[in-house]
Amino acid sequence: VQLQASGGGLVLAGGSLRLSCAASGRTFSNYVMGWFRQAPGKEREFVAGITWSASRTYYADSVKGRFTISRDNAKNTVYLQMNSLKPEDTAVYYCAADSRLRVALDRRSYDYWGQGTQVTVSS
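In every chain, residue numbers begin from 1 and rise along the written sequence. Reporting in this predicted model follows two pLDDT cut-offs: at least 70 for local features of residues, and 80 or more for side-chain atom pairs to be given and counted; totals over whole chains, interfaces and linings ignore these cut-offs and use all residues. Note that water and hydrogens are dropped before the side-chain values are worked out from all heavy atoms of the structure.

With that settled, consider the overall build of the protein. Numbering of helices and strands runs from the N terminus; a helix is a DSSP stretch of H or I covering at least four residues, while a strand is a stretch of E covering at least two. From N to C terminus, the protein includes zero helices and 11 strands. Ordered by position from the N terminus, the helices and strands of the protein form the series β-β-β-β-β-β-β-β-β-β-β. The reference for a compact globule is 2.2 Å times residues^0.38; the radius of gyration itself is calculated from the C-alpha atoms. What you see for the protein is a C-alpha radius of gyration of 13 Å, in line with the 14 Å of a compact globule of 123 residues. Across its three principal directions, the C-alpha atoms of the protein cover 40 × 25 × 25 Å. Each of the 123 residues in the protein was classed as buried or not, and the buried ones make up 44%. In this analysis, two residues are considered to be in contact whenever any of their non-hydrogen atoms come within 4.5 Å of each other. Taking the intrachain contacts of the protein between residues at least 6 apart in sequence as the baseline, contacts between residues at least 24 apart amount to 58%. Surface accessibility in these figures is a Shrake-Rupley result with a 1.4 Å probe; residues are shielded only by whichever protein chains are displayed. For the protein, the exposed area adds up to about 6400 Å²; of that, 47% sits on carbon and sulfur atoms. Across the protein, 15 positive and 9 negative side-chain charges occur, with their mean positions spaced 4 Å apart. Remark: exposure states derive from per-residue accessible area (1.4 Å probe, protein chains only) relative to the maximum for the residue type, with buried under 20%, exposed over 50%, and partly exposed in between. For this count, His and the chain ends are skipped, Lys and Arg are scored as positive, and Asp and Glu as negative. One atom stands in for each charge, and that atom is NZ of Lys, CZ of Arg, CG of Asp or CD of Glu.

Residue A54 is not a glycine yet carries a positive backbone phi of 65°. Here A54 is to be found in the loop between β5 (45–50) and β6 (57–59).

Mapped onto the fold, D89 is located in the loop between β8 (77–82) and β9 (91–98). The exposure class assigned to D89 is buried, which follows from its relative accessible area of 0%. Counting of polar contacts relies on pairs of N or O atoms within 3.5 Å, with two restrictions inside protein: one atom must be capable of donating a hydrogen and the other of accepting it, and residues adjacent in sequence are counted only when both atoms are side-chain atoms. At a separation of 2.7 Å, a polar atom in the side chain of D89 contacts the side chain of R66. A polar contact of 2.8 Å, which involves the side chain of D89, links it to the backbone nitrogen of K86. Each residue touching D89, except ones within four places of it in the same chain, is listed here: R37, R66, F67, S84, V119 and V121.

On to the sheet that holds β8. Here a strand pair is declared whenever DSSP counts at least two bridges between the two strands. One open sheet holds the four strands; their spatial order is β1-β3-β8-β7, and the pairing between them is antiparallel. Among the strands making up the open sheet, the edge pair consists of β1 (2–6) and β7 (67–72). The average undirected angle you get between the axes of adjacent strands in this sheet is 15°. Sheet topology places β7 next to β8; six bridges connect them, and they run antiparallel. Bridge pairing in β8 links F67 to M82. Simply put, an axis is a line fit to the C-alpha atoms, just over the touching stretch for a helix, and the angle between two N-to-C directions goes from 0 to 180 degrees.

Turning next to the nonpolar core. Membership of the largest hydrophobic core comes to 30 residues, with the highest contact counts inside it found for M33, W35, L80, M82 and Y93. Listed in part, the seven residues of the second largest apolar core include V32, F36, A96 and V103. In this text, buried Ala, Val, Leu, Ile, Met, Phe, Trp, Tyr and Cys residues form a nonpolar core when linked through side-chain atoms within 4.5 Å.

Moving on: the state of the cysteines. Any pair of cysteine sulfurs within 2.5 Å is marked as a disulfide. Here the structure, examined in full by the defined rule, presents one disulfide. C21 shares a disulfide with C95; S-S distance 2.1 Å. What sets the handedness of the C21 and C95 disulfide is the S-S torsion sign, and at about 60° it is right-handed. Of this pair, C21 sits in strand β3 (residues 17–24) while C95 sits in strand β9, and the two are 74 residues apart along the sequence. Using a relative accessible area of 0% as the deciding quantity, one classes C21 as buried. We classify C95 as buried; its relative accessible area is 0%.

As structure tokens, then:
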């Protein structure tokens, strides 16, 4: 499956952004979808994940209550709504697809990756 992330940009602290990840090539609804991020000099970390049916979502503690992951299987797209952004949210954000049934926090579980979109939050 091919993934294309978009929606990043520059925003002031406290602002909002919505990231999108469009999938193509295989049956999108067969995949668990996740969002990860990587800040300069740091490892790529799990941000949020959603099961194929959207029945369950998972979040890193650092974004709980501020970020919301959702998906539209009819549009082959997964979203990440980011509110109350902080400077520490600055990173390149990646979407990823996993053919397993459960959301994994380990990036090594994911089979396909998008190219990343830059999010910069200024104070």
